[in-house]
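# Reading the structure
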Amino acid sequence: MEWNCFGIKPFSFFLIFFMTFGFILTLFGILFVSLYSENNQNIPIEIINFNQNIRKWNNVNRYLFKTFNLNTTIYLIENYNNTILNKEIIVNNEPFIINEDSDKYHPDNLLQILKSQYQTLKFIYGNTNLIIQNQLPVNFNQYLKLIVNYDRMNQIPLNFTINQMIPLFLKIQSKYSDICNYGFIENGKCYHVHRLRDICFKVNINLDSSTNNSVLWKLNLDNTFGGCGCYPSPDDSSSIIQSYSGLTYIYTLLQPNESVYDHHVNFNDLTFTIRYKDDPWILANYITNGTLNFSYFLDLMNDSDFGFARALGGFGSITIGMILISPSTIAFVILCSKKQWRRRFLVDGLLREEHAMLLSGAVTDSLEDGNEENRKRRNLRDYLFPNSF
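Since we're looking at a predicted model, the values are computed, not measured. (Residues numbered from 1 in each chain as written. Predicted model: local features only at pLDDT ≥ 70, side-chain atom pairs only at ≥ 80, totals over all residues. Heavy atoms only, no water.)

### With respect to the overall build of the chain
The helix and strand inventory of the chain stands at eight helices and 14 strands. Within the chain, the proportion of its 389 residues that are buried is 42%. Look at the contacts in the chain between residues 6 or more apart in sequence, and 70% of them connect residues 24 or more apart. Split by element, the accessible area of the chain, about 22,400 Å² in all, is 54% carbon and sulfur. (Helix = DSSP H or I, 4+ residues; strand = E, 2+ residues; numbered from the N terminus. Buried < 20%, exposed > 50% of the residue type's maximum accessible area, 1.4 Å probe, protein only. Contact = heavy atoms within 4.5 Å. Areas by Shrake-Rupley, 256 points an atom, 1.4 Å probe, with all protein chains shown as cover.)

### As for helix α4 (residues 280-287)
The element α4 is largely enclosed, with a buried count of seven among its eight residues. Within α4 the residues assigned to the buried category are P280, W281, I282, L283, A284, N285 and I287. The opening residue of α4, the one whose side-chain oxygen lies 2.9 Å from the backbone nitrogen of W281, is D279. N289 sits one or two residues past α4 and shows a positive phi near 55°. (Polar contact = N/O pair within 3.5 Å; in protein donor to acceptor, adjacent residues only side chain to side chain.)

### Quick notes on the confidence of the model for the chain
On average, the chain scores 76 in pLDDT, and the residues at 70 or more come to 61%. Within the model, the stretch residues 349-353 combines pLDDT values under 50 with four contacts to residues more than four positions away or in other chains. In the predicted structure, residues 365-369 sits below a pLDDT of 50 and forms eight contacts with residues beyond four places in sequence or in another chain. (pLDDT = per-residue confidence, 0-100.)

### What about the sheet that holds strand β6 (residues 142-152)?
Strand order across the open sheet formed by four strands is β2-β1-β6-β7, with antiparallel pairing between neighbours. Strand pairing shows two members of the sheet lacking a second neighbour, β2 (83-95) and β7 (158-167), which therefore form its edges. Within this sheet the neighbouring strands show an average axis-to-axis angle of 20°, counted without direction. (Pairing = 2+ DSSP bridges. Axes fitted to C-alpha atoms, helices over the stretch in contact; angles between N-to-C directions.)

### Re the nonpolar core
Nonpolar side chains in soluble globular proteins tend to be buried together. Judged by nonpolar contacts, the single largest core of 66 residues is most densely connected at L144, L196, I199, F272 and I274. At eight residues, strand β10 (residues 189-208) tops the list of elements feeding residues into this core. Excluding residues within four positions of it along the chain, F272 makes contact with T72, I74, F96, F123, I124, Y125, I131, L146, V148, I162, I199 and F201. (Core = buried A, V, L, I, M, F, W, Y, C linked by side-chain atoms within 4.5 Å.)

Written out as structure tokens, the structure reads:
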């Protein structure tokens with residue numbers, strides 16, 4: 001006896017099975033791909049911009065910035081209640097040195113973020129020549145005034161002034177008033193002395209064609225990210241100096257029973273740095289809020305890698321599903337379009353006894369028209385095998 005399932009022949013059953021299974025695989029694949037697309041949108045645009053910034057730095061900006069020659073003039077000013085009591089030049093038009101030492105980032109993070117490496121370029125004064133030659137006593141009214149002189153490829157010398165007066169010392173109130181180790185007491189409150197360690201400003205490069213018959217390349221302080229500094233200031237000094245000043249201060253420790261104004265400080269490690277605003281290190285400071293730690297973005301990228309694997313599985317499911325659906329559907333449509341094939345391969349709606357009778361020749365052309373039962377069998381034969389007799 002030929003096997004069937006509720007009147008559906010085996011060939012038809014397998015066609016329906018493959019189409020259903022392929023449809024399910026396709027649905028799962030679309031679901032996985034859509035989940036990947038949603039997850040991929042969560043990858044911060046900062047990382048994409050950071051890598052684009054590096055490519056532009058390597059191809060154009062680094063070489064352009066290197067064509068400038070920079071000098072600096074620095075004044076030491078004593079200013080009390082906006083009155084200048086003393087002003088002297090401590091650096092007189094001395095050249096900056098080009099520094100290409102690699103920038104330091106949080107360990108093991110950067111290489112997993114970058115698509116290409118970059119070489120640092122910055123102008124530094126203070127590594128080989130001291131800005132302040134002698135020790136200075138603590139004086140909260142002392143400031144530095146900075147002027148940058150520059151030229152490019154023998155064009156006329158130009159300069160810009162950093163209008164912000166930079167304090168040499170900061171007086172930072174301690175969070176713990178009952179304990180005042182290495183600080184001093186004033187009006188019942190504990191303060192610590194911070195002294196200037198590093199100055200870093202960023203500049204922009206502009207073309208000025210307003211000069212008669214010449215084009216000048218100009219450097220200007222850049223105010224991107226909310227300030228002209230290269231990086232955000234620490235929280236403990238943000239209330240005193242600009243939030244993006246690019247100034248670094250460190251503790252200077254007072255000895256027990258030492259008067260704060262008798263304490264002398266050495267500035268041998270003080271440096272003054274100029275960087276280009278499109279320097280990758282500048283952008284890295286901004287997107288990591290000064291930490292240079294890419295862990296947050298690295299976690300998102302790891303999630304994205306998992307999403308990519310999921311999407312790859314999704315595309316595979318869609319492909320397999322379409323491979324199953326397409327030929328099965330085509331075969332099903334072709335078979336359904338032909339009556340003979342439909343009856344032979346797809347639907348077995350006849351009783352097995354009647355089928356056997358027809359195949360055995362029990363119904364022949366000699367059937368009489370007057371016999372009602374024979375007429376039914378003749379009609380059945382003509383329906384099942386219209387071209388057989």
